[in-house]
Amino acid sequence: MSIAADEDIVRAIFMDKWDGKRISPSLFKGENVSVSRLAMIPLSEHGDMFRKHLEKPPERRLELIGEINVGHLQDLGRNYHRPIELTVEPKPQDWNPAHAEIPQRITRGAC
């Protein structure tokens, strides 16, 4: 069952997706893009969790945590010049029960 449009999700932003001024348009590129649900784990706990399980210093350091509403993400997909119907599907992990994925293939700049 897809996550509701009124939920907020977050995505870890590592140094390869952040140049110190802007986030790369490829942040959501690809398929099965990993996100995490704020309805299950508060934002204040995501930083430590992402650092512990996803960071691989020195080349992969967490720089930011991006937050977006699922409905807003879906609107971005629908309004893209090649519209795409995006969903967010729960995919809990042992280390992150709030883990979810956007299964659709997203092209660079769509979101």
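Here the structure is shown first, and the text comes after it.
What you see is a predicted model; the values in this text were computed from it and never measured.

Engineer: Sorry if this is basic, but what is going on with the sheet that holds strand β4 (residues 89–90) here?
Structural biologist: Note on sheets: strands pair through backbone hydrogen bonds, and any given pair is parallel or antiparallel. The sheet built from five strands is open, its strands ordered β3-β1-β2-β5-β4 with antiparallel pairing. One side of each edge strand has no neighbouring strand; the edge strands of this open sheet are β3 (62–69) and β4. The sheet contact formed by strand β1 (residues 8–14) and β3 spans seven bridges and is antiparallel. Bridging from a neighbouring strand, I13 pairs with L64 of β3. Contacting β1, β2 (33–37) and β3, helix α1 (residues 43–54) runs over the sheet at an angle of about 130° to β3.

Engineer: Looking at this model, I keep getting lost on the packing of aromatic side chains. Mind explaining?
Structural biologist: This structure, assessed with the given rule, holds zero aromatic pairs. Across the ring face of F28, the terminal group of R11 is positioned such that the distance to the ring centre comes to 5.8 Å. One Lys or Arg, R60, reaches over the ring of F14 and ends 3.9 Å from the middle of that ring.

What counts, and where the lines are drawn
Residues numbered from 1 in each chain as written. Predicted model: local features only at pLDDT ≥ 70, side-chain atom pairs only at ≥ 80, totals over all residues. Heavy atoms only, no water. Pairing = 2+ DSSP bridges. Helix = DSSP H or I, 4+ residues; strand = E, 2+ residues; numbered from the N terminus. Contact = heavy atoms within 4.5 Å. Axes fitted to C-alpha atoms, helices over the stretch in contact; angles between N-to-C directions. Phe/Tyr/Trp six-rings, centres within 6.5 Å; stacked < 30°, edge-to-face > 60°. Lys NZ or Arg CZ within 6 Å of the ring centre and 35° of its normal.

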